[in-house]
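If you want the building blocks of each chain, they are given just below.
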Amino acid sequence: MKNFYYNAVVKEGEVYCIDCLHGHAPTDFRVRPIFANSEWDEYPVCVVCGKVHDYVAKICTSCYRDPCECSPDDCDCDPH
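Residues numbered from 1 in each chain as written. Predicted model: local features only at pLDDT ≥ 70, side-chain atom pairs only at ≥ 80, totals over all residues. Heavy atoms only, no water.

Examining the nonpolar core
Grouped together as the largest cluster of nonpolar side chains are seven residues: Ala-8, Val-10, Val-15, Ile-34, Ala-36, Tyr-55 and Val-56. The residues contacting Ala-8, other than those within four sequence positions of it, are Val-15, Tyr-16, Cys-17, Ile-18, Pro-33, Ile-34, His-53 and Tyr-55. (Core = buried A, V, L, I, M, F, W, Y, C linked by side-chain atoms within 4.5 Å. Buried < 20%, exposed > 50% of the residue type's maximum accessible area, 1.4 Å probe, protein only. Contact = heavy atoms within 4.5 Å.)

Below is the structure:
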């Protein structure tokens, strides 16, 4: 996926798939796209359908890297 592509947006603090916006255009100034090169502590999940948008970079909150470079003793993120 190219960095400028997106399949989900954030609207009023909630994550929505493009198809779950119910007629709201992604160009609405209150809607922010979740770009493929964005970094998240957890994968964003659509509040309507529950789809996990795992195309973003999930960053370890201990070492702030993707993929995590911590030792298993220092970190409890998903890769361990």
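Points about a nonpolar patch on the surface
On the surface, Tyr-43, Val-45 and Val-52 cluster together into a nonpolar patch covering about 230 Å² of accessible area. Checked against the element boundaries, Val-52 lands in the loop between strand 4 (39-40) and strand 5 (57-58). Residue classification places Val-52 among the partly exposed positions, given a relative accessible area of 42%. (Patch = residues over 30% accessible without salt bridge, like charges linked within 9 Å, V, L, I, M, F, W, Y side chains within 5 Å. Areas by Shrake-Rupley, 256 points an atom, 1.4 Å probe, with all protein chains shown as cover. Salt bridge = Lys/Arg side-chain N within 4 Å of Asp/Glu carboxyl O. Helix = DSSP H or I, 4+ residues; strand = E, 2+ residues; numbered from the N terminus.)

A word on the sheet that holds strand 3 (residues 31-35)
The three strands lie next to each other as 2-1-3, forming an open sheet whose pairing is antiparallel. Each having just a single partner strand, strand 2 (14-17) and strand 3 make up the two edges of the open sheet. This sheet shows a mean twist of 35° between the axes of neighbouring strands, independent of strand direction. With four bridges joining them, strand 1 (residues 6-11) and strand 3 adopt antiparallel strand pairing. Across the sheet, Tyr-6 pairs through a bridge with Phe-35, a residue of strand 3. (Pairing = 2+ DSSP bridges. Axes fitted to C-alpha atoms, helices over the stretch in contact; angles between N-to-C directions.)

Some remarks on unusual backbone geometry
Even without being glycine, Glu-12 reaches a positive phi, approximately 55°. Looking at the secondary structure, you find Glu-12 in the loop between strand 1 and strand 2.

A look at the pattern of salt bridges
Taken as a whole and judged by the stated rule, the model has one salt bridge. Between Lys-58 and Glu-42 there is a salt bridge whose closest N-O contact spans 3.6 Å. Highlighted residues: Lys-58 in strand 5 and Glu-42 in the loop between strand 4 and strand 5, separated in sequence by 16 residues. For Glu-42, a relative accessible area of 53% puts it in the exposed group.

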